[in-house]
Amino acid sequence: MSENNTPTAPLPPLHVLLAAPRGFCAGVDRAIQIVETALKKFGAPVYVRHEIVHNRFVVESLEAQGAVFVKELDEVPDDRPVVFSAHGVPKAIPAEAQRRNMIYVDATCPLVSKVHREAEHHHEAGRTVLLIGHAGHPEVVGTIGQLPEGAVKLVETVEDVAGLEVADPDNLAFATQTTLSVDDTGAIVDALRVRFPSISGPKREDICYATTNRQGAVKAIAPRADALLVLGAPNSSNSVRLVEVARAHGCTRAMLVQRAAQIDWDRLEKIRTLGITAGASAPEVLVDEVLASLRERFTVTVEEVVTATENVTFKLPRVLAAE
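Anyway, here's the lowdown on the structure attached to this text. None of these values were measured; they are calculated from a predicted model. (Residues numbered from 1 in each chain as written. Predicted model: local features only at pLDDT ≥ 70, side-chain atom pairs only at ≥ 80, totals over all residues. Heavy atoms only, no water.)

**Thoughts on the pairing of strand S10 (residues 254–257)**
Then comes step 1: Pairing between strand S9 (residues 227–231) and S10: four bridges, direction parallel. Counterpart to Leu229 in the pairing with S10 is Met255.
Then comes step 2: Read from S9 through helix H9 (residues 237–248) to S10, the crossover connection turns out right-handed. (Pairing = 2+ DSSP bridges. Helix = DSSP H or I, 4+ residues; strand = E, 2+ residues; numbered from the N terminus. Right-handed = clockwise from strand over helix to strand, strands pointing away.)

**Comments concerning helix H8 (residues 209–221)**
Then comes step 1: Compared with the 18 Å implied by 1.5 Å per residue over 13 residues, the 19 Å span of H8 between its first and last C-alpha is a close match.
Then comes step 2: Ala210, Thr211, Asn213, Arg214, Gln215, Ala217, Val218 and Ile221 are the residues of H8 that are buried.
Then comes step 3: Close packing links the buried residues of H8 with strand S1 (13–20), helix H7 (182–195), S9, H9, strand S11 (273–278) and strand S12 (299–306). (Expected span 1.5 Å × (residues − 1). Buried < 20%, exposed > 50% of the residue type's maximum accessible area, 1.4 Å probe, protein only. Contact = heavy atoms within 4.5 Å.)

**Concerning the sheet that holds strand S6 (residues 128–132)**
Then comes step 1: With parallel pairing, three strands are arranged side by side in an open sheet as S7-S6-S8. Looking at strand neighbours, the two that pair on one side only are strand S7 (152–155) and strand S8 (172–176), the edges of this open sheet. With strand direction ignored, the average angle separating the axes of adjacent strands in the sheet is 30°.
Then comes step 2: Contacts from H7 reach S6, S7 and S8 within the one sheet, and its direction differs from that of S6 by about 150°. (Axes fitted to C-alpha atoms, helices over the stretch in contact; angles between N-to-C directions.)

**Observations concerning the sheet that holds strand S4 (residues 82–84)**
Then comes step 1: Across the sheet, which stays open at both edges, the four strands sit in the order S3-S2-S4-S5 with parallel pairing between neighbours. Looking at strand neighbours, the two that pair on one side only are strand S3 (67–70) and strand S5 (104–106), the edges of this open sheet. Pairwise comparison of adjacent strand axes, ignoring direction, gives a mean angle of 25° for this sheet.
Then comes step 2: Pairing geometry for S4 and S5, over three bridges, is parallel. Each bridged residue has a counterpart across the sheet, and for Val83 the counterpart in S5 is Val105.

**Regarding the pairing of S1**
Then comes step 1: Of all eight residues in S1, six are buried; the element is thus mostly enclosed.
Then comes step 2: Strand direction decides the pairing type here: S1 and S12, joined by eight bridges, are parallel. Each bridged residue has a counterpart across the sheet, and for Ala19 the counterpart in S12 is Val305.

**Focus: the pattern of salt bridges**
Side-chain pairing between opposite charges can occur once the charged atoms of the two side chains come close.
Then comes step 1: Summed over the entire model, instances satisfying the criterion amount to 18 salt bridges.
Then comes step 2: A salt bridge links Glu96 to Arg99; its shortest N-O distance comes to 2.9 Å. With a gap of three residues between them, Glu96 and Arg99 both fall in helix H3 (residues 92–99), about one helical turn apart.
Then comes step 3: The exposure class of Arg99 is exposed, given its relative accessible area of 58%.
Then comes step 4: Residues Lys114 and Glu118 are paired through a salt bridge, measuring 3.0 Å at the closest nitrogen-oxygen approach. Of this pair, Lys114 and Glu118 both sit in helix H4 (residues 110–124), four residues apart, roughly one helical turn.
Then comes step 5: Among the residues examined, Glu118 registers a relative accessible area of 18% and is labelled buried.
Then comes step 6: Beyond isolated ion pairs, a larger network of salt bridges with shared partners links Glu51, Arg56, Glu60 and Glu63. (Salt bridge = Lys/Arg side-chain N within 4 Å of Asp/Glu carboxyl O.)

**Notes on the nonpolar core**
Then comes step 1: In this structure, Val35, Val48, Ile52, Val53, Leu62, Phe69 and Val83 are the most contacted members of the largest nonpolar core, which totals 25 residues.
Then comes step 2: Of all the secondary-structure elements, those providing two or more residues to this core are helix H1 (26–42), strand S2 (46–49), helix H2 (56–65) and S3.
Then comes step 3: Element by element, the count of residues in this core is highest for H1, at seven residues.
Then comes step 4: Ignoring any residue separated from it by four or fewer positions in sequence, one finds Val83 in contact with Ile34, Val35, Ala38, Val46, Tyr47, Val48, Arg49, Ile52, Val105 and Ala107.
Then comes step 5: Residues Ala227, Ile276, Leu291 and Leu294 belong to the second largest nonpolar core, which totals 23 residues. (Core = buried A, V, L, I, M, F, W, Y, C linked by side-chain atoms within 4.5 Å.)

**Describing the packing of aromatic side chains**
Then comes step 1: Enumeration according to the criterion identifies one aromatic pair in this entry.
Then comes step 2: Above the ring of Trp265, the side-chain terminus of Arg297 is found at 3.9 Å from the ring centroid. (Phe/Tyr/Trp six-rings, centres within 6.5 Å; stacked < 30°, edge-to-face > 60°. Lys NZ or Arg CZ within 6 Å of the ring centre and 35° of its normal.)

Below, the structure written as structure tokens:
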């Protein structure tokens, strides 16, 4: 048999457990639509304060259409529209845009806006707000920025609860960042309720449906997987939480990757079952890209593990309505 006719060795088998739900949530979908619709309505450039969502692929796709991403409002010309990111902004930002007579579009996820309204309600009722979240995350900065300085205290861990100093322990409320670990947040809430029995809070934690559902899907596949890939950005809170959830539920070899090109193939050597999910700001095209790369190296079978179905949609802001 000639060299050209030498049979190639069969590719090793790989069973892929594809988590569902995964990828874009309604808030991310709406935020991207807002930028695209603003570009159609106002023409390029449209400025966006901060990453519209935490995903480089999405940001670069919008840049190619004419979006310009900036860190602060003072980088935006007065005569061009500006979009605020899905994570929400402190009240001072839209106030400054109004002062400058700018056209601005707020792409804050409605579920984040709900947390803002809750915090305002508690403040108006005279309560100190304890915000469960991660310091420096844009959503946390935005929520704290809804109220006067000192009105919100940040709680990051169960250990923080013991050291909290509050003026009136009987006049407290809690709120949560929407992209946290359901399990970790539950433990912090339990600790707050033990220490401050009269604390007010939402009927359910403010963790959004999409975060909860994506974590639930990972919990279902992690015990069955030899390794698990989470498609998402390192600055995406909900994506990082998915890695933590996978590790906590039996898959120690859980990894965060932004694109197929980042996969450490050595770590996937000799595995038989691979879990795959995507954070709420990662588009499905990146999942397809990973599956294509896997098929170059393995004989792939795919099992979609569905733990919930989603049909949530959010309307675009009125300023973008067709004239």
